[in-house]
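# Summary of the model geometry
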Amino acid sequence: MSSDSADGSVNRTRRTFLTAATSVVGVAGAVGVMTPFVGSWNPSAKAKAAGAPVKVDIGKLEPGQMVVEEWRGKPVYILHRTEAQLAELPLLNSSLKDPDSTIEGSQPPYIKGVDRSIRPEIFVVIGLCTHLGCAPKFRPEVGVTEFNSDWGGGFFCPCHGSMFDLSGRVFAGTSPASQNLVVPPYSYEDKNVVVIGVGEEVA
C-alpha cells in the first residue's frame, strides 16, 4: 500500500493503537462488572436508614482504636480493646449500676459477661446515652480528668455527666443514665468483617 513504509512501520503503529484501544475497552468493562458488587456491600443511605445491615471492615483497627459507623440513623461505636482494658473491666463491678446488664433490651441474648461482646477484644455498642440520647465521648485515657479524679477510661457524656466503662456499663453515683449503653444485634461474616444488624442467631 502506498501509505505504508517499506519496513512496515505504519502497520506496527496501527497494531499498537488497536491493542491499546482494546485494553481500554476491556478495563472499562471490568469496572462496570465490579461496581455492582461494591455497591451491594455498602447499602444506600436510604437502605441504611431503613435498617439494612451494615458491614464494617475492622481488619486495620488497632488495639485502643475506635471507629464509628451508622446503622438505623444511630452511631455505632466499634472499639478494639487492649488486654489491659479488658483486665480492668471485672474490677469495676462494684462501682456500676448494672454490672451484669440484667435490664431487658440492653444487649442481645447471645452477649454474655463483663466484656459484653462476641469477641472480647472487639466491643460494638450504639453510641447514644441511655439518659437523653446524647452521644457519649470516647475517653480512653487513664488518670485524672475534668470530670473524674480516678478515671479508668470509658465513655463520658458531657451534656449531663453520665459515665460508662469500656463495656458501656453505667457508673453508679452521679451518672443520670439509669442503664448501660445498648449493644445492637451483630455478627461476624469473617474475622475482619462485622455485620451490624444481623444477630448471631440468624447469621
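Look above for the structure.
The paragraphs below set out a description of the structure included in this document. Not measured: the values here are computed from a predicted model.

Moving on, we get to the pairing of strand 1 (residues 54-57). Here strand 1 shows a buried face lined by Val 54 and Val 56 and an unburied face lined by Lys 55 and Asp 57. For strand 1 and strand 9 (residues 193-196), the ladder comprises four bridges, and the chain directions are antiparallel. Looking at strand 9, one finds that Val 54 is bridged to Ile 196.

Counted by the stated rule, this structure contains six aromatic pairs. Look at Phe 147 and Trp 151: their rings are 4.9 Å apart centre to centre, the planes differ by 75 degrees, and that puts the pair in the edge-to-face class. A relative accessible area of 2% places Trp 151 in the buried class. The interplanar angle of 5 degrees and the centroid separation of 3.7 Å between the aromatic rings of Phe 147 and Phe 156 together place this pair among those described as stacked.

What follows is about the pattern of salt bridges. For the structure on display, the rule yields five salt bridges. Here Glu 146 and Arg 139 are joined by a salt bridge, their closest N and O atoms 3.1 Å apart. The closest approach of N and O atoms between Asp 165 and Arg 169, which form a salt bridge, is 2.8 Å. Taken individually, Asp 165 and Arg 169 each receive the classification buried, so the pair is uniform in this respect.

We now examine the sheet that holds strand 6 (residues 154-156). One key point about sheets: their strands pair by backbone hydrogen bonds, in either a parallel or an antiparallel sense. Taken together, three strands build an open sheet; the order of strands is 5-6-7 and the sheet is antiparallel. Because the sheet does not close on itself, it has two edges, and the strands there are strand 5 (137-139) and strand 7 (163-164). The sheet contact formed by strand 5 and strand 6 spans three bridges and is antiparallel. Among the inter-strand pairings, Arg 139 is bridged to a residue of strand 6, identified as Gly 154.

Rules behind the numbers
Residues numbered from 1 in each chain as written. Predicted model: local features only at pLDDT ≥ 70, side-chain atom pairs only at ≥ 80, totals over all residues. Heavy atoms only, no water. Buried < 20%, exposed > 50% of the residue type's maximum accessible area, 1.4 Å probe, protein only. Helix = DSSP H or I, 4+ residues; strand = E, 2+ residues; numbered from the N terminus. Pairing = 2+ DSSP bridges. Phe/Tyr/Trp six-rings, centres within 6.5 Å; stacked < 30°, edge-to-face > 60°. Salt bridge = Lys/Arg side-chain N within 4 Å of Asp/Glu carboxyl O.

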